[in-house]
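Close look at the chain arrangement
Below, each chain spelled out in residue letters.
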Amino acid sequence: MNDRRRPHGATEPASRARSGMIGRRSPRTGTEPVTAQSPLRLRLLLSAVFLPLFVAGAAFFGVWAADTGSGDSPGRGGLVVLAAVCAALALLAAADLMVVIGRLRRERDTPVPH
C-alpha cells in the first residue's frame, strides 16, 4: 500500500537528535528533501541591497528628527520611531548577511560527494 505522507523509501520519521536544536514537533509528512535549504544567493542579494538602504533611512530620519522644532509636522516622536525601526532592520539585515556569508563559505569548503 502506498502511503503518500511518507517520502519514498522512508520507514521511520527522522530522529529528534538529527533535527536541530529546537527539534521537530511532529514527524515529517511532506515530500521535501531532508536537507532542504533556503536560497542563500537570494538572501545575500536582499541583505546586501537593503542594509545600506536601512542605514541611510535611519540616518535620514534621525537627522530630520534632530532638526524638527516644537510645532512641526511630522513630530519628533514619529521620526525617532521611524529612525529606530530602520536601525533595527539594518541590524537584522547585517546579521542575516553574516549568517549567509558564513554558510556560503562552509558550502565552498565542503567537498561535494560524487
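Right, let's walk through the structure included here. (Residues numbered from 1 in each chain as written. Predicted model: local features only at pLDDT ≥ 70, side-chain atom pairs only at ≥ 80, totals over all residues. Heavy atoms only, no water.)

Time to look at the pattern of salt bridges. Scanning the model with the defined rule gives one salt bridge in all. Taking the shortest distance from any N to any O, the salt bridge between R43 and D96 comes out at 2.3 Å. Of this pair, R43 sits in helix α1 (residues 40–67) while D96 sits in helix α2 (residues 76–109), and the two are 53 residues apart along the sequence. For R43, a relative accessible area of 22% gives the class partly exposed. (Salt bridge = Lys/Arg side-chain N within 4 Å of Asp/Glu carboxyl O. Helix = DSSP H or I, 4+ residues; strand = E, 2+ residues; numbered from the N terminus. Buried < 20%, exposed > 50% of the residue type's maximum accessible area, 1.4 Å probe, protein only.)

For α2, built from 34 residues, the straight-helix expectation of 50 Å at 1.5 Å per residue is met to within 8% by its first-to-last C-alpha distance of 50 Å. Among the residues of α2, those classed as buried are L79, A83, C86, A90, A93, L97, V100 and L104. Those residues of α2 hidden inside the fold are in contact with α1. (Expected span 1.5 Å × (residues − 1). Contact = heavy atoms within 4.5 Å.)

With that settled, the discussion passes to the packing of α1 against α2. In the contact formed by α1 and α2, the axes pass within 7 Å of each other and the chain directions differ by 155 degrees. Overall, the two elements α1 and α2 adopt an arrangement that is roughly antiparallel. Taken as a pair, α1 and α2 cross one another with a handedness that is left-handed. For the contact of α1 with α2, the residue count by class is 26 nonpolar, three polar and six charged. (Axes fitted to C-alpha atoms, helices over the stretch in contact; angles between N-to-C directions. Parallel < 35°, antiparallel > 145°, perpendicular 65-115°, else oblique. Left-handed = near helix turned anticlockwise from the far one by under 90°. Nonpolar A, V, L, I, M, F, W, Y, C, P; charged D, E, K, R; others polar.)

What follows is about the nonpolar core. Listed in full, the six residues of the largest apolar core are A58, F61, A65, L79, A83 and C86. Discounting chain neighbours no more than four positions away, the residues touching A65 are R76, L79 and V80. (Core = buried A, V, L, I, M, F, W, Y, C linked by side-chain atoms within 4.5 Å.)

Glancing now at a nonpolar patch on the surface. On the surface, a cluster of nonpolar side chains totalling about 530 Å² of accessible area is made up of L42, L45, L46, V49, F50 and L53. As for its placement among the helices and strands, L42 is situated in helix α1. (Patch = residues over 30% accessible without salt bridge, like charges linked within 9 Å, V, L, I, M, F, W, Y side chains within 5 Å. Areas by Shrake-Rupley, 256 points an atom, 1.4 Å probe, with all protein chains shown as cover.)

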